[in-house]
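# What the coordinates show
Residue-level listing of the chains:
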Amino acid sequence: MRFLNDERYLLESEPARELYGSIADLPILDPHTHADVAEIVENDGYDDVWEVEGATDHYVWTLMRKRGIDEELITGNASNREKWRALAGIFPELAGNPTYEWVHLDLKRRFGIETPISAATADDIWEETAMQLERAEMDPQPLLREMNVEVVCSTDDPTDSLEDHDRAEDEVDGVEILPTWRADRAVAVDRPDWDEFVRELADATGIDASDFDGYLDALAASHEYFAERGCVASDLGVRSAVSRPVSEARARRAFDAARDGGPIGPAEATDLRAYLLEYIGELNTKRGWVTQLHIGAVRDYSARLYERLGTDAGGDISTQDVDMAADLRHFVNRFDGAHEIVLYCTDPTHYPTIATIARAFPNVSVGAAWWFNDNPYVMEHQLEYTGSVDLLSNHAGMVSDSRKLLSYGSRFEMFRRSLANVVGRQVARGQLSMAVAADLVRHVAYDRPKRLYGF
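Residues numbered from 1 in each chain as written. Predicted model: local features only at pLDDT ≥ 70, side-chain atom pairs only at ≥ 80, totals over all residues. Heavy atoms only, no water.

Let us now look at the layout of surface pockets. Considering only enclosed or pocket space, the largest pocket measures out at about 1200 Å³ in volume. Considering the residues around the largest pocket, the lining is formed by 33 residues, among which Asp184, Ala188, Arg191, Gly237 and Arg299 are closest to the centre. Sorting the residues of the lining of the largest pocket by element identifies α10 (184-187), β5 (233-238) and β7 (297-298) as the ones contributing at least two each. In terms of residues, the lining of the largest pocket owes the most to one element, α10, which gives three residues. Considered class by class, the residues forming the lining of the largest pocket number nine nonpolar, eight polar and 16 charged. A volume near 380 Å³ is recorded for the second largest pocket. Around the second largest pocket, the lining comprises 19 residues; the ones closest to its centre are Tyr20, Ala24, Asp25, Arg109 and Glu413. Going through the elements one at a time, α1 (14-23), α6 (98-111) and α19 (407-428) are the ones with two or more residues in the lining of the second largest pocket. Per-element tally for the lining of the second largest pocket: the top contributor is α19, with five residues. (1 Å grid on protein atoms, 1.4 Å probe; cavity = no way out; pocket = protein on both sides within 12 Å on 5 of 7 lines; lining within 4 Å. Points joined across faces, edges and corners; volume = space filled by probe spheres on them. Helix = DSSP H or I, 4+ residues; strand = E, 2+ residues; numbered from the N terminus. Nonpolar A, V, L, I, M, F, W, Y, C, P; charged D, E, K, R; others polar.)

Printed below as a string of structure tokens:
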């Protein structure tokens, strides 16, 4: 069977198959996930296949909506078995989307199930997976070890106590679980809930953050707190990463206006965000952290989904309306050579700009094809373009960006197969030797991210 055939899946040449074989079993280093650290520490296990495949995955939710499934059977009060049957019933219609491959890979790799998902097979798969999930080997910690996950970086708000990370250090063996300082709320100065973040930051740090100096001190204290717990990177998800020189006085005025509850115009908000972005860069430089910038997502675009379910429900989109070159110019020049910077974007038309920025700044790396792009089609295109314009050996490597633990292995497998296919194609064309190709794919799959993030 050619479907997910171990020898053929995504591998179009003999060199590709040989290269993939050399990296398939390398440990997984995952610098960006939405891991539920409490779930890993508690290690209580799972009850059913919907819990591990659909309950937290807005990729799955979005596709179910597209095929007309009622929300009650996605995020509503229907039973997990009813939700699984609804998903299985339309699963053949998801063919061509990476979710179709990820879930089938999960079943094949973790459960040994190769039966295609459909209405006719839904109950058999439910029963078989439920039986296997009762085994201790299918609890979160053993699963991470079985997938050969070496490092997982979660995504954590600056106000987080990280108590689950403290427990993980003592209670989780064989896997390193590190926090990541996710500063989105810190720079969202024109959002209605920013005041709430300021209060939470003050409570978390014990520093009065109500004035400009106190706010910066509290951010620095949170940054230090994360560093003490092994954090190696910050992350910032923004529609536009606008950077420009902003004086302290101008930033202070914008901060005071935002805190006073008065109208803060777009120019003032952009000034304050730009100042805070540069401040975060300074903190990262002092600590030697990596700055990760996730750019271009338009959050909560679907008003209906946001009003019903809130954020992270599948209602976000991507946009071309971002001037990467203008927005990033000050930041990359300000921190030229100072610390590592990894750039991610949601729209693939921005890859040429990102790759050429990385070409001009040795401390800037192209991040993995992100979100709407983490599929073989775009991953291969991005890897080919990055390698021909910048250097493939300077690619930042893969991240799962996953909200479900079971998919770490599948997403990394898809990336590694795509990487092997790209480099294998170059070998088949006579562009490089097999020995050089083998070193290159190992470097991108493992050595480069390990060195980049200091794991």
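Spatial strand order, β4-β5-β6-β9-β10: five strands in an open sheet with parallel pairing. The open sheet has two free edges, formed respectively by β4 (181-182) and β10 (364-366), since each of these has just one partner strand. Where β4 lies against β5, two bridges are found, and the strand directions are parallel. Paired with Arg182 across the bridge in β5 is Asp235. Along the sheet, helix α17 (residues 351-360) contacts β9 (341-345) and β10; its crossing angle with β10, the most-contacted strand, is approximately 145°. (Pairing = 2+ DSSP bridges. Contact = heavy atoms within 4.5 Å. Axes fitted to C-alpha atoms, helices over the stretch in contact; angles between N-to-C directions.)

We now examine the pairing of strand β6 (residues 290-295). Judged by how many residues are buried, β6 sits mostly within the fold: six of six residues are covered. Taking every second residue as pointing to the same face, both faces of β6 are buried, with Val290, Gln292 and His294 on one and Thr291, Leu293 and Ile295 on the other. With six bridges joining them, β5 and β6 adopt parallel strand pairing. Looking at β6, one finds that Gly237 is bridged to His294. Of the strand pairs in this sheet, β6 and β9 are connected by five bridges, and their pairing is parallel. Counted as the bridge partner of Ile295 is Cys345 from β9. (Buried < 20%, exposed > 50% of the residue type's maximum accessible area, 1.4 Å probe, protein only.)

Along the chain, the position of Ser247 falls in the loop between β5 and α13 (248-259). A relative accessible area of 36% means that Ser247 is categorised as partly exposed. Separated by 79 residues in sequence, Ser247 and Ala326 place their C-alpha atoms 19 Å apart. Engagement of the side chain of Ser247 in a polar contact is seen with the backbone nitrogen of Arg250, the distance being 3.1 Å. (Polar contact = N/O pair within 3.5 Å; in protein donor to acceptor, adjacent residues only side chain to side chain.)

Now for the side chain of Gln292. With respect to the helices and strands, the residue Gln292 is situated in strand β6. Its relative accessible area of 0% is what places Gln292 among the buried residues. Among the polar contacts listed, one links the side chain of Gln292 to the side chain of Tyr344, at a separation of 3.2 Å. Each residue touching Gln292, except ones within four places of it in the same chain, is listed here: Pro31, His32, Thr180, Ala233, Ser234, Asp235, Leu236, Val342, Tyr344 and Tyr453.

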